[in-house]
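Residue-level structure breakdown
Below are the chains, spelled out letter by letter.
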Amino acid sequence: MITFSYDYVKPKSLDEALEILDQENVYPILGGTDLIVKMRASVIKPRTVIDLKGIDELFNVDFSKEKGLTFGAGIKLNVLIEEFDYVKEYYPTLFQGIRVVGGYQTRNRGTVVGNLCNASPASDTAPALLTYNAELNIISKKGERTVKITEFFKGPGKTVLEKGEIVKSVHIPFEGESIGRYYKISRIKAVDLATIGMALTVIDPNGKREIRVALASVAPTPIRIFEAEEFIKGKELTMENVEQFAQIIQDSVNPITDARGTAEYRKRMAKILPIKLLREMNMIKEGL
Ligand SMILES: Cc1cc2nc3c(=O)[nH]c(=O)nc-3n(C[C@H](O)[C@H](O)[C@H](O)COP(=O)(O)OP(=O)(O)OC[C@H]3O[C@@H](n4cnc5c(N)ncnc54)[C@H](O)[C@@H]3O)c2cc1C
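Residues numbered from 1 in each chain as written. Predicted model: local features only at pLDDT ≥ 70, side-chain atom pairs only at ≥ 80, totals over all residues. Heavy atoms only, no water.

Compared with the 26 Å implied by 1.5 Å per residue over 18 residues, the 25 Å span of helix α11 (residues 263-280) between its first and last C-alpha is a close match. Along α11, the helix axis deviates most sharply at Ile272, where the bend reaches about 30°; the proline Pro274 sits within four residues downstream. Within α11, the full set of buried residues consists of Ala263, Arg266, Met269, Ala270, Leu273, Pro274, Ile275, Leu277 and Leu278. Against β11 (178-185), β12 (196-203), β13 (210-216) and α10 (239-252) lie the buried residues of α11. Of the residues flanking the end of α11, it is Asn282, one or two places downstream, whose phi is positive at about 55°. (Helix = DSSP H or I, 4+ residues; strand = E, 2+ residues; numbered from the N terminus. Expected span 1.5 Å × (residues − 1). Bend = angle between axes of the 7 residues up to and from the residue. Buried < 20%, exposed > 50% of the residue type's maximum accessible area, 1.4 Å probe, protein only. Contact = heavy atoms within 4.5 Å.)

With that settled, consider the site of the ligand. The full set close to the ligand counts 33 residues, and Pro28, Thr33, Asp34, Thr111 and Asp124 are the nearest of them. Leu35 has a polar backbone atom sitting 2.8 Å from an oxygen atom of the ligand. The protein chains hide 88% of the 990 Å² of surface that the ligand would expose on its own. Applying the majority rule of atoms within 2 Å of the grid points places the ligand in the largest pocket. Those elements that place two or more of their residues in the shell around the ligand are β2 (26-29), α7 (112-118) and β10 (166-172). With 5 residues, the single largest contributor to the shell around the ligand is α7. Here the residues of the shell around the ligand are counted per class, giving 18 nonpolar, 11 polar and 4 charged. (Near = heavy atom within 4 Å. Polar contact = N/O pair within 3.5 Å; in protein donor to acceptor, adjacent residues only side chain to side chain. Areas by Shrake-Rupley, 256 points an atom, 1.4 Å probe, with all protein chains shown as cover. 1 Å grid on protein atoms, 1.4 Å probe; cavity = no way out; pocket = protein on both sides within 12 Å on 5 of 7 lines; lining within 4 Å. Sits in = over half its atoms within 2 Å of the grid points. Nonpolar A, V, L, I, M, F, W, Y, C, P; charged D, E, K, R; others polar.)

Counted under the stated rule, the structure contains 21 salt bridges. Put simply, Lys168 and Glu144 hold a salt bridge, and the shortest N to O gap is 3.4 Å. Linking Lys168 in strand β10 with Glu144 in strand β7 (residues 143-148), this pair joins segments that are 24 residues apart in sequence. You can call Glu144 exposed: its relative accessible area is 53%. Here Glu229 ties to Arg224 by a salt bridge, and the two come within 2.8 Å at their closest N and O atoms. Exposure class is identical for Glu229 and Arg224. Each is buried. (Salt bridge = Lys/Arg side-chain N within 4 Å of Asp/Glu carboxyl O.)

Further remarks concern the nonpolar core. Of all hydrophobic cores here, the largest spans 56 residues; its most connected members are Tyr91, Leu94, Leu116, Leu129, Phe152 and Ile172. Examining the composition of this core, we find that 5 residues originate from one element, helix α1 (residues 14-21), more than from any other. Those residues in contact with Ile172, other than ones at most four positions away along the chain, are Gly68, Leu69, Phe71, Tyr91, Leu94, Leu129, Tyr132 and Ala134. Counting residues in each nonpolar core, the second largest holds 31 residues, with Ile232, Ala246, Ile248 and Val253 among its members. (Core = buried A, V, L, I, M, F, W, Y, C linked by side-chain atoms within 4.5 Å.)

A word on the sheet that holds strand β6 (residues 135-140). Taken together, 5 strands build an open sheet; the order of strands is β4-β5-β10-β6-β7 and the sheet is antiparallel. Edge positions in the sheet fall to β4 (61-64) and β7, since each of these pairs with one other strand and no more. Neighbour-to-neighbour, the strand axes of this sheet turn through a mean angle of 20°, independent of strand direction. As defined by bridge partners, β4 adjoins strand β5 (residues 68-72) across 4 bridges and the pair is classed as antiparallel. (Pairing = 2+ DSSP bridges. Axes fitted to C-alpha atoms, helices over the stretch in contact; angles between N-to-C directions.)

So this is what it looks like as structure tokens:
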């Protein structure tokens, strides 16, 4: 139950929304699967909740190999993976990350943008987006700016968004064919947040072969491990090299112990998972 009163507005245009967002203590809402939970717990007590779902402009989706993929903030998780085949084909790691957010009902309401703006270290969509070099298009009354996803998160529940700003859309460049995995370990197989989540994407696997890796639930924000990527660049994927790659990943994470798992367990998995995922993708040159 929400124990305080608040105003609810649903503007039809972005201009109208930006005027309202400029006022004090206004929270945007998309699916509400994070915001309403926090309002029920009185963690957030908005004076005004502004529903962005009446703004047509936030529902655009566009893809081409030249321009990449851009989708509006209003696009639901399930809509993105069920109605646009190119998400599965060209951004397979993202497809897998979205598919494990909550249960079907949650994905029918929730959005990628809500998932990112909630800034949970356990976000299931952020790791894949980190590996695909996504950018967030941000708008306010003052104008527009673009922020790389690597710079978007500032801490648990904290982003670079300033008062009056909202995320309008997400852009993901198309950098070539890719293969990938998002693997989530949680306490139960049903709906649960990640004890640890790992996105491993290989861009152009038969050509330049660029391996990218990002994790959830091992640091105050979802993180990409550039040092490990740099190490493995151009190297043969022998077991020895892959183990060193995995070691760098393990050394780069700084998890905590909480209700979902211990820091030690998360650290251990941070080394095991990259080997498992590369092996699943038949990338490792195992001994004869
Ligand atoms: C039962 C359940 C299970 C869940 N399981 C998972 C899970 O497995 N993995 C996972 O990652 N998450 C999970 N979640 C969390 C949640 O469903 C996701 O984070 C979802 O994607 C949030 O999207 P939303 O549209 O509902 O966000 P909302 O709740 O509408 O918004 C989230 C936050 O972002 C802000 N916001 C919304 N739109 C904008 C915008 N355009 N610009 C700036 N700020 C904005 C809101 O003010 C709010 O603070 C779960 C939630 C529930 C209730």
